[in-house]
Amino acid sequence: MLSTENISQASIENEWIENFKAMGKEFRLVSRITCFLNQELDETLLDMLKQFDVDVFVESGRTVRLLVNESVLAILGANTKLQSTSVNVYRFTVPRDLSYKMVKSIALACNLELPGRGTVFSQDILEFSKKVNYVDEEKLDAFIAKNEDSELNLLSELSYLVFVLSNNSSAEKLAKLAINLGICVPLLTYGESNDVRDKMGLIRITVSPLKELVHLVLPEQDSQNIISLLMDEFQMKKGAGAIYNSPATSGVVDTRMLLGKQNSAASVDQVIAAIDGLKNDTKWRKRTDVDIKPKGFTPILAEDQCEIALISEDDDVEIFEKACKKQDKLGIIASKITSLGNRADIKVSNALAKSEISVDSQNTVLLVADIFNVAEEKNKSNFRIQILP
Amino acid sequence: MPQETAPDFKDSLKLIFDYAKVRVIEQAKSIAFIISYLVLFQLLILRVPLEDALATAGGLALVVFGLAFFLEGLVLGLMPIGERVGVKLPTKAGIIVICLFGIVLGFGATFAEPAISALKLAGSTITAWDSPLLFLILERYSEVLVICVGTGVGLAVALGLCRFYYSWAMKPIIYAVLPVLLALTLFASFDDNLSKIIGLAWDCGAVTTGAVTVPLVLALGIGVSRAASKGSSSGGGFGIILLASLFPVLAVLLLGMVINTHVPKPATEKDFFSAAGRTEALKVFNSEEEIVQHLFTRGTEEGRMAFFGDEFSYSAAIKSLAENTDNRKRFLGSFPLNKWILNKASDNERNLLADVNLTENSLESGQTIEVLQGEAVAGLQAVIPLTLLLLLVLILFLREKLKYKDEVALGIAFTVFGMTLLTSGIQLGLGSLGNEVGSHLPKAFAKEEKFIDRVVINDFDSTLLYKAVSVSGIQKTFFNVYDQIYDREIVRPIEFEPVRYDSANKRYVHAIVEQPLFDHKYYALGFVVVLLFAFGMGYGATLAEPALNALGMTVEELTVGALKRKQIVQVVSIGVAAGITLGLSRILFGYPLVFILVPSYLILLVLTYLSEDEFSAIAWDSGGVTTGPVTVPLVLAMGLGIGNELSVSDGFGILAMASAFPVITVLTFGILSKKKQKENLDTNSK
């Protein structure tokens, strides 16, 4: 399933806002910040976030880079192999008007203008949650002011691509292709999908629920062509998985895709990062004006889609499944996450799940309503719903 | 959105076939190395043909299917239950309840997967005069030993859960516990009796965490760690197995110190079995009957002479083994007489029992069923109580339910079935192959030929003797014998030894012996061969360890593949191989275990200091899971074969080293990988 956003995000949002208001459920317009850093920088990030009252959710992942070693025998060329590094993927929401400052503060604190240190980006979403994240704008301003000498400029008009692969251990192949195409440092995570298995009875044990997710952040104008190129190179077949494309408003993208001995004063990654910073966007990177279409299998293109995510306790994925069932929707991907809550006692578990589904924007309101209905039936209220137009 | 429907019968069969094929092939690959290694070593190095190859092949097939079912059962049934209990426990119970649950689980696990039989086997060469304390603990206080070890494991699980609950770091716990253990070990090494239990104590730590306990405890730890974590950690959930390996060591050393107060000091065999030493001997045994059985099954001719006092009584007692069933039972217990003559009797005693038929019965087909039945009971005992405990806690106490009940039930059935096939297959296939190689291994470093059987020739006609001369002019006397092999008669010359000829009865006893692998000038080369064998065997056996594979899968999942199962298994296997080789060298060369144990753990302390906390927990847990159902029988077979040949007091210490060295290799791997990654990133990141 390939989703593009041809319809104005703002108009969809306005329609939802009216409907949600009619539902009587409290929601906020926020930005979701996603951040995955070199693990040595995690402490810096967490120290910074401690200053604010935000619920941070963490997922385990790994970034993949290509390690290039010169062969002992030069005639054999360079040895290349993938090198994986464990990362923690941090996600939290902030008021939309503060998202740019928050992303910039993180990038400054972690010195992300240097390639190889990590990626951070924000996406505008709607959120239903009991807890309101509070960010002190003055602190952010003070922090940015303290680093006013920095030449860091955030990129805008980015696309966030997520490839969900059914075939285990194919994620590395796709990640390598992404590196070879010079897209960005890919992030790999795991997810589970059970709704198709659930229809199979006990025979479901023969189908692994595990899915590999490859996350890429790239210039928005290139996203369609990159998807086509990747599908061709990867020889993605029918049933092999799904690709989700969603907009990211601002961010810093790690472009340090190659590791190994550096023979010049600056690497290509550094040059790209420097030009991105100078131009303040990534439009200069546009590869071609021609629209590239996949040569092989033509995907089912689903436009006018939106992502609905439920962040809840492990068990409460059931709420989402039941609500989706009512709407006859399949394709929930659930990932294990933990909360970095400042809990005083442990009566609320930090073992959480982030379950996501992509649905038609017309069905969004109905699905959200169903989630609330099922949750009420089960007497559950400790969850968040995030909607990404 | 397209609607999916349940697959039809044909599709279902294809799905099941593909699913099973992948798993069976994977397990066949995992044991391919150890099997080829054992077979090739026996055929090419030891030059001994395989006995009963068909039965062994059948046993190996059981191992492959057993491993496939067992691991799948863990993934479908046991681990999801463990993780679910772990996730729910902290939210619904206080820390005291969690600790109590941990103690009960750890204690129960020790009883469910009893390692005492493996330890008793490792200690089957122990003699009461040489190591009275060690003998007492294993033989008379074995139940107390299991309780102590169980308590140690229980406390370890409880402390491990506390660590997750309060998000304590792993390293301070290692720094607190390990020096205490090393200090106690050093203290024990200065006492004649306590020094002998050091190997047992550290081996107890190595073998207590069985193939079922490890994945359960891992899953439980991951659950509690997720529910209670204050920060993200891909290494969350690890560390309990490490504690469960260290605490039993403490428990056994303390038990030894308590019992040692009323145990006699080691003595010579002659003094111990003489009438004057009887009072001291009775402090170790309950009755004279036990003393005499120990004398015959583990003692030598010297001890038996001392026990019976004079030559006449001694000879009469030996002869009565063949003639008097009551005496045989009194002296040997259930030990078969033919086995006693082959392995325990001196030349003199063999001559006294020249009429006894030495032919041994091989494993009969009926025994395969018996083995399967016995292992099925052991499998049920290992899996069901622990699973029931977790289910009871989940359903009755936590009031939670399982989403995929059918899948979990199938997983539990797979685990029991897999465990039964695996352990039966090990006994019938892998174990028998290991025993064969182990029993022939001593010939690699033997200086003299070994008696393995005899042929009594009645009505021996001495006129058939003839002389032959060598090129150097040495003359020897020979006679010819002929054997009928199928329809062919083969004539072989045999050297005549006058001492074996009883001219009065016209009877010649021909001894069949096994020649040493190397000429006596080069017998030291045999030690190198044995050590190389130990390295390869340790490596190959560890590749197939189910608990290690379960840990590898967990690490791969938690690190999203940054650390691959294959990497972990390979690094651990190399560590186990190195550990087994070093542990075996102690038996071969007879130096104290403490000489290698203490330095190894001191190195570990340094490496732990240099490693990250999360990785330390993974590395230490890797050490705890290595000694499982595949490695232990093979190590024991090898240790016993060599131990009998060298008459060493015990075969302990190999498993302890096999647990320590994987931690060294995994920590080193972690430090080097991290350093390399950092170097690669730092070239232009800083």
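Rules used throughout
Each chain carries its own residue numbering, running from 1 in the direction its sequence is written. Ligands are numbered from 1 and chains lettered from A, in the order in which they are written. Only residues with pLDDT of 70 or above have their local features reported here, since the model is predicted, and side-chain atom pairs are shown and tallied only from 80 upward, although totals for entire chains, interfaces and linings are computed over all residues. Hydrogen atoms and water are omitted, and side-chain values are computed over all heavy atoms in the structure. Counting from the N terminus, the helices are the DSSP runs of H or I reaching at least four residues and the strands are the DSSP runs of E reaching at least two. Using C-alpha atoms as the atom set, the radius of gyration is obtained and then compared with a globule rule of 2.2 Å times the number of residues to the power 0.38. Each residue is placed in one exposure class: buried if its accessible area under a 1.4 Å probe, protein chains only, is under 20% of its type's maximum, exposed if it is over 50%, and partly exposed if it falls in between. The contact criterion used is simple: two residues touch if any of their non-hydrogen atoms lie within 4.5 Å. For the area figures, the Shrake-Rupley method with a 1.4 Å probe applies, and any residue is considered shielded solely by the protein chains shown. For two strands to be treated as a pair, DSSP must find no fewer than two bridges joining them. Whenever Lys or Arg places a side-chain nitrogen within 4 Å of a carboxyl oxygen from Asp or Glu, that contact is recorded as a salt bridge. In this text, buried Ala, Val, Leu, Ile, Met, Phe, Trp, Tyr and Cys residues form a nonpolar core when linked through side-chain atoms within 4.5 Å. Looking at any residue, its pLDDT shows the predictor's confidence there, from 0 to 100. Every angle, taken between N-to-C directions, lies between 0 and 180 degrees, and every axis is a line fitted to C-alpha atoms, over only the stretch in contact when it is a helix. A crossing counts as left-handed when the near helix is turned anticlockwise from the far one by less than a right angle, and as right-handed when that turn is clockwise. Each residue is assigned to one class: nonpolar for Ala, Val, Leu, Ile, Met, Phe, Trp, Tyr, Cys and Pro, charged for Asp, Glu, Lys and Arg, and polar for all the others, Gly among them. Two rings belonging to Phe, Tyr or Trp (six-membered ring only in the last case) form a pair when the distance between their centres is within 6.5 Å. Interplanar angles under 30 degrees mark stacking, angles over 60 mark edge-to-face geometry, and anything in between is tilted. Our definition puts a charge over a ring when NZ of Lys or CZ of Arg is within 6 Å of the ring centre and also within 35 degrees of the ring normal. The directions considered for the arc are those from the helix axis to the C-beta atoms. Contacts described as polar in this section are N or O atom pairs within 3.5 Å, which, within protein, must combine one atom able to donate a hydrogen with one able to accept it, while residues neighboring in sequence count only if both atoms come from side chains.

Chemist: How should the overall build of chain B be read in this particular structure?
Modeler: Summing up its helical and strand segments, chain B has 27 helices and six strands in all. Against the compact-globule benchmark of 26 Å for 686 residues, chain B has a radius of gyration of 28 Å, which places it among compact chains. Taken along its principal axes, the extent of the C-alpha atoms in chain B is 100 × 65 × 55 Å. With 686 residues in all, chain B has 56% of them scored as buried. Long-range contacts, defined as pairs at least 24 residues apart, comprise 80% of the intrachain contacts of chain B with a sequence gap of at least 6. If you sum the accessible surface of chain B, you get close to 29,300 Å²; carbon and sulfur atoms cover 62% of it.

Chemist: Teacher, can you tell me more about the pairing of strand β6 (residues 507–514) of chain B here?
Modeler: Remark: a regular strand shows side chains that alternate across the two faces of the sheet. Residues and elements named next belong to chain B. Across the eight residues that make up β6, a large majority, six, are buried. For strand β1 (residues 450–457) and β6, the ladder comprises seven bridges, and the chain directions are antiparallel. Considered in β6, the bridge of Arg454 is made with Ala511. As judged from the two bridges shared by strand β5 (residues 501–502) and β6, these two strands associate in the antiparallel manner. Across the sheet, residue Asp502 finds its bridge partner in β6, namely Arg507. Count of turn residues in the β5/β6 antiparallel hairpin: four residues, of which Lys506 carries a positive phi of about 55 degrees.

Chemist: Would you explain the pattern of salt bridges in this entry?
Modeler: It is possible for side chains bearing opposite charge to pair when their charged atoms get close. One pass over the full model with this rule turns up 41 salt bridges over all chains. Residue Arg23 of chain B is joined to Glu72 of chain B by a salt bridge in which the shortest nitrogen-to-oxygen separation is 2.8 Å. Residue Arg23 of chain B is found in helix α1 (residues 9–45), and its partner Glu72 of chain B is found in helix α2 (residues 53–92); the two are separated by 49 residues along the sequence. Through salt bridges with shared partners, one network takes in Glu313 and Asp315 of chain A together with Arg84, Lys88, Lys92 and Glu400 of chain B.

Chemist: Teacher, can you tell me more about the nonpolar core here?
Modeler: As a rule of thumb, nonpolar side chains are buried together in soluble globular proteins. Counting residues in each nonpolar core, the largest one holds 202 residues, and the members touching the most others are Trp202, Phe296 and Trp340 of chain B. In terms of residue count, helix α10 (residues 240–259) of chain B provides more of this core than any other element does, 13 residues in total. For Phe296 of chain B, the residues in contact, after removing those within four places along its chain, are Arg304, Phe308, Ile318, Leu321, Phe331, Leu332, Trp340 and Lys344 of chain B. Counting residues in each nonpolar core, the second largest holds 42 residues, with Phe121, Tyr160, Leu165 and Leu187 of chain A among its members.

Chemist: Sorry, what's going on with the side chain of Thr554 of chain B here?
Modeler: Residue and element names in this part refer to chain B. Mapped onto the elements, Thr554 comes out in helix α22 (residues 546–558). The buried category is assigned to Thr554, whose relative accessible area is 6%. With residues up to four places along the chain from it excluded, the contact list for Thr554 reads Met79, Leu218, Ile222 and Phe238.

Chemist: So what exactly am I meant to see when it comes to the confidence of the model for chain A here?
Modeler: Interpretation of the predicted coordinates at a detailed level should be avoided for regions scoring low in pLDDT. Residue and element names in this part refer to chain A. Of the residues in chain A, 85% reach a pLDDT of 70 or more, and the chain-wide mean stands at 82. For chain A, per-element mean pLDDT is lowest for helix α7 (residues 268–279), which scores 73, and highest for strand β6 (residues 187–192), which scores 94. Between residues 1–6, whose pLDDT stays under 50, and residues either more than four places distant or in other chains, the model counts 28 contacts.

Chemist: Is there a simple way to think about the packing of helix α21 (residues 523–543) of chain B against helix α23 (residues 565–589) of chain B in this case?
Modeler: When two helices pack together, their arrangement is given by the angle between the helix axes and the distance between those axes. All names here are of chain B. Contact pair α21 / α23: the axes reach a minimum separation of 7 Å and the direction vectors enclose 145 degrees. Remark: the crossing between α21 and α23 carries right-handed chirality. Along the lines of polarity and charge, the residues of the contact of α21 with α23 split into 17 nonpolar, six polar and no charged.

Chemist: How do you make sense of the environment of Ile319 of chain A when you look at a structure like this?
Modeler: Residue and element names in this part refer to chain A. Along the chain, Ile319 falls in helix α8 (residues 317–326). A relative accessible area of 1% places Ile319 in the buried class. Along the backbone, Ile319 and Glu377 are 58 residues apart, and their C-alpha atoms lie at a distance of 9.4 Å. With residues near it in sequence (within four places) discarded, Ile319 still touches Ile371, Val374, Ala375, Lys378 and Lys380.

Chemist: Please explain the confidence of the model for chain B as it appears in this structure.
Modeler: Of all residues in chain B, 95% attain a pLDDT of 70 or more, and the chain-wide mean is 86. Predicted complex, confidence summary: ipTM 0.82, pTM 0.84.

Chemist: What exactly am I supposed to notice about the packing of aromatic side chains here?
Modeler: Under the definition given, this model contains 37 aromatic pairs over all chains. Grouped by ring-pair contacts, the aromatic residues Phe20, Phe27, Phe128, Phe372 and Phe383 of chain A constitute a single cluster. The aromatic ring of Phe296 of chain B is capped on one face by Arg304 of chain B, whose charged end is 5.5 Å from the ring centroid. Taking the ring centre of Phe335 of chain B as reference, the NZ or CZ of Lys339 of chain B above it sits at 5.6 Å.

Chemist: Looking at this structure, how should I read the environment of Leu640 of chain B?
Modeler: Residue and element names in this part refer to chain B. Mapped onto the secondary structure, Leu640 falls in helix α26 (residues 631–646). Under the relative-accessibility criterion, Leu640 is labelled buried at 18%. Along the sequence, Leu640 and Ala122 sit 518 residues apart, while their C-alpha atoms lie 7.1 Å from each other. Each residue touching Leu640, except ones within four places of it in the same chain, is listed here: Leu121, Ser124 and Thr125.

Chemist: Looking at this model, I keep getting lost on the side chain of Thr415 of chain B. Mind explaining?
Modeler: Residue and element names in this part refer to chain B. You can see Thr415 is positioned in helix α20 (residues 405–440). A relative accessible area of 0% means that Thr415 is categorised as buried. Residues within four places of Thr415 in sequence aside, it is in contact with Phe69, Phe70, Gly73, Leu74, Leu78 and Val383.

Chemist: I would appreciate a short explanation of helix α4 (residues 137–146) of chain A in the present structure.
Modeler: All names here are of chain A. Every buried residue of α4 is listed here: Leu140, Phe143 and Ile144. Each buried residue of α4 lies within a common arc of 95 degrees when the element is viewed along its axis, so the set occupies one face. Along α4, exposed side chains directed more than 90 degrees from the buried face belong to Glu138 and Lys146. Along its buried surface, α4 packs onto α2 (42–49) and α3 (96–109). Its side-chain oxygen at 3.0 Å from the backbone nitrogen of Glu138, Asp136 defines the N-terminal cap of α4.

Chemist: I would appreciate a short explanation of the sheet that holds β6 of chain B in the present structure.
Modeler: Whenever strands of a sheet pair, they do so through backbone hydrogen bonds, lying parallel or antiparallel. The strand order β1-β6-β5 (chain B) describes an open sheet built from three strands, whose pairing is antiparallel. Strand pairing shows two members of the sheet lacking a second neighbour, β1 and β5 of chain B, which therefore form its edges.

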